[in-house]
Amino acid sequence: MRRLVLDRRSPVRRPVLRQTIERCLRDPFRLLFQRQTPLDQLEAHAEARPPTGLVYHLSRSGSTLVSRMLEFLPDAWVLSEPGPVDSVLTYPAPLAERARWLHAIVSALGPDTATGPYVLKLDAWAVLDFDVFEQAFPDVPWVFCYRHPGDVLVSQSLQGSYHMIPGALPAWRLGEPLALPAQPSLDEYGAAMLGRLLDRALRAAKDSSHGLLVHNEQLPGAVLDRIAPHFGIRIPASQVDAILEVTKWNAKNPVLPYAGRDRRADASPEQVDAVDRLAMAAFERLERRRDLADAGA
Amino acid sequence: MAVSEPDLAAFVELVVADPSAWPTLQGTENGNEFCAAVVAAAASRGLRVTEDDVTRALNAARRAWLERWV
């Protein structure tokens, strides 16, 4: 039954796992006979299936395109923003306990047979929990997809994500409080959140030897020549055309053609100001880090 | 998923443990057809389940999904 839900060839498959599940729950059979497994039983039964690679991102930076391209590889098992992973990260338990649960849930969501790559594209705020992932999967390579925070903030102001709503993420997940003025506007909160995610990605890149920073401008080519090799995935020449076909379509709504463009040209003066004060320094630090890493590659 | 009616709860466990029972219940997104199929399949196993029982269980499951983060 799980294979029917998650297989990329399934007609119910959607770009994000939550959308796939919601499509499946229109089926009364799946609705009535769904299963629930307590975490302690999951730990006892889940066979270890570490992912091949992890995809962190700033949001609106091409990570869905990365996951859509990789899932066209033969036998690939790619999960995009799986809710159960975020649920175990949200539980305010000690890091070691969260890492154990994370290992169990990621293993349980993994492929039945480990014949192809298993890639997890995470929620944008998952990089805040980078230490938990490192404890659960210390050797698994990861990438962080990002772009100019002005582009992200404008896109988020048109259709906002969960983490950009003030108070949606519990304060303990942020670590240090965001450096915000009193009575911050939505743009200021969003820009500060983007700055925090960029800062965490920089710290991860400094602390870890198996990370790769990917600017949106490097896509889609970086999937073939940077990300796949970084994950140890070999892409057969016969598959390249099929994978590139994905890039012609809107990654999150594949019935629409791709129409990417820089959003920050549409930014309001308030958005420009918020990004300049609260996110640009972190973005520029990360860009310098990427330049250094690319020069050494 | 918690199913409150005892006979329906017993039927759910029987079906989950018996994949050979799935084909007769799969394949329709029509709620009325599905309820009728469940009632008939339960009756063939000596369990008394009504279409209202199934509808309530389906609605409870939909609501649980909607409220999972509330």
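The rules behind each value
Residues numbered from 1 in each chain as written. Chains lettered and ligands numbered in written order. Predicted model: local features only at pLDDT ≥ 70, side-chain atom pairs only at ≥ 80, totals over all residues. Helix = DSSP H or I, 4+ residues; strand = E, 2+ residues; numbered from the N terminus. Buried ≥ 20, exposed ≤ 12 C-beta atoms within 10 Å, placed from the backbone. Contact = placed C-beta atoms within 7 Å. Core = buried A, V, L, I, M, F, W, Y, C linked by C-beta atoms within 7 Å. Nonpolar A, V, L, I, M, F, W, Y, C, P; charged D, E, K, R; others polar. Axes fitted to C-alpha atoms, helices over the stretch in contact; angles between N-to-C directions. Left-handed = near helix turned anticlockwise from the far one by under 90°. Pairing = 2+ DSSP bridges. Arc of directions from axis to C-beta.

(A) Fine view of the overall build of chain A. Along chain A, the regular secondary structure elements total 15 helices and 5 strands. By the burial criterion, 41% of the 297 residues in chain A qualify as buried. Within chain A, residue pairs in contact and separated by at least 24 positions form 79% of the contacts whose partners lie at least 6 positions apart.

(B) Region of the structure containing the overall build of chain B. Across its full length, chain B carries 3 helices and 0 strands. From first element to last, N terminus to C terminus, chain B shows the α and β order α-α-α. Counting over 70 residues, chain B shows a buried share of 21%. Of the contacts made within chain B by residues no fewer than 6 positions apart, 48% connect residues no fewer than 24 positions apart.

(C) Looking closely at the nonpolar core. Within the largest apolar cluster, 74 residues are counted, with the highest numbers of intra-cluster contacts made by Tyr56, Leu102, Leu198 and Ala201 of chain A. Per-element tally for this core: the top contributor is helix α11 (residues 186-207) of chain A, with 9 residues. Each residue touching Leu198 of chain A, except ones within four places of it in the same chain, is listed here: Leu58, Tyr146, Pro149, Ala279, Ala282, Phe283 and Leu286 of chain A. Among the nonpolar cores identified, the runner-up in size contains 17 residues, and Val15, Cys35, Ala42 and Val49 of chain B belong to it.

(D) A look at the interface of chain A and chain B. With 10 residues of chain A at the contact, the number on the chain B side is 14 residues. Counted by class, the side of chain A that touches chain B contains 6 nonpolar, 2 polar and 2 charged residues.

(E) Examining the packing of α11 of chain A against helix α14 (residues 269-278) of chain A more closely. Residue and element names in this part refer to chain A. Between α11 and α14, the shortest axis-to-axis distance is 8 Å and the interhelical angle comes to 35°. Handedness of the α11/α14 crossing: right-handed. From α11, Asp187, Glu188, Ala191, Ala192 and Gly195 reach across to α14, where they touch Glu270, Gln271, Ala274, Val275 and Leu278. Of the residues that constitute the contact of α11 with α14, the class distribution is 5 nonpolar, 2 polar and 3 charged.

(F) Highlighting the environment of His215 of chain A. Residues and elements named next belong to chain A. Within the fold, His215 resides in strand β5 (residues 211-215). Under the C-beta neighbour-count criterion, His215 is labelled partly exposed, with 18 such atoms within 10 Å. Residues His215 and Leu286 lie 71 residues apart in sequence; the distance between their C-alpha atoms is 9.9 Å.

(G) Just the pairing of strand β4 (residues 142-146) of chain A, in detail. Residues and elements named next belong to chain A. Within β4, 5 of the 5 residues are buried, which leaves it mostly tucked inside the rest of the structure. What you see with β4 is no split at all: Trp142, Phe144 and Tyr146 on one side and Val143 and Cys145 on the other are buried throughout. In the sheet, strand β1 (residues 53-57) pairs with β4 via 4 bridges, with the strands oriented parallel. Within β4, the residue paired with His57 across the bridge is Cys145. Relative to β5, β4 is paired through 5 bridges, and the arrangement is parallel.

(H) Representation of the pairing of β1 of chain A within the structure. Residue and element names in this part refer to chain A. β1 sits mainly inside the fold: 5 of its 5 residues count as buried. Burial along β1 is two-sided: the face carrying Gly53, Val55 and His57 and the face carrying Leu54 and Tyr56 are both buried. Sheet topology places β1 next to strand β3 (residues 118-121); 3 bridges connect them, and they run parallel. Bridging across to β3, Leu54 finds its partner in Leu120.

(I) A look at helix α9 (residues 149-158) of chain A. All names here are of chain A. Within α9, 7 of the 10 residues are buried, which leaves the element mostly enclosed by the surrounding structure. Every buried residue belonging to α9 is among Pro149, Gly150, Asp151, Val152, Leu153, Val154 and Gln156, and all of these are buried. Tucked inside the fold, the buried residues of α9 contact α11, α14 and α15 (280-296).

(J) Inspection of the sheet that holds β1 of chain A at higher detail. All names here are of chain A. Ordered in space as β2-β3-β1-β4-β5, the 5 strands form an open sheet in which the pairing is parallel. Because the sheet does not close on itself, it has two edges, and the strands there are β2 (77-80) and β5. Taking the axes of each pair of neighbouring strands and ignoring which way they run, one obtains an average angle of 15° across the sheet. In this structure, β2 lies alongside β3, joined through 4 bridges in parallel fashion. What sits directly across from Ser80, in β3, is Lys121.

(K) Layout of helix α12 (residues 221-230) of chain A. Residues and elements named next belong to chain A. Restricting attention to buried positions, one finds in α12 the residues Ala222, Val223, Ile227 and Ala228. Down the axis of α12, the buried set is contained in an arc of 145°. They therefore lie on one face. Along α12, the residues that are exposed and aim more than 90 degrees away from the buried face are Gly221 and Asp225. At its buried positions, α12 is contacted by α5 (63-70), β4 and β5. Within two residues after α12, Gly232 carries a phi angle of roughly 75°, on the positive side.

(L) Examining unusual backbone geometry more closely. Residue and element names in this part refer to chain A. The omega torsion across Leu219 and Pro220 is 0°, close enough to zero to call that bond cis. The phi angle at Ser59 is positive, at roughly 80°, despite the residue not being glycine. Checked against the element boundaries, Ser59 lands in the loop between β1 and α5. One non-glycine residue, Glu81, lies in the positive phi region at around 50°. Counting through the fold element by element, Glu81 comes out in the loop between β2 and α6 (83-90). Overall, the presence of 23 C-beta atoms within 10 Å leaves Glu81 in the buried class.

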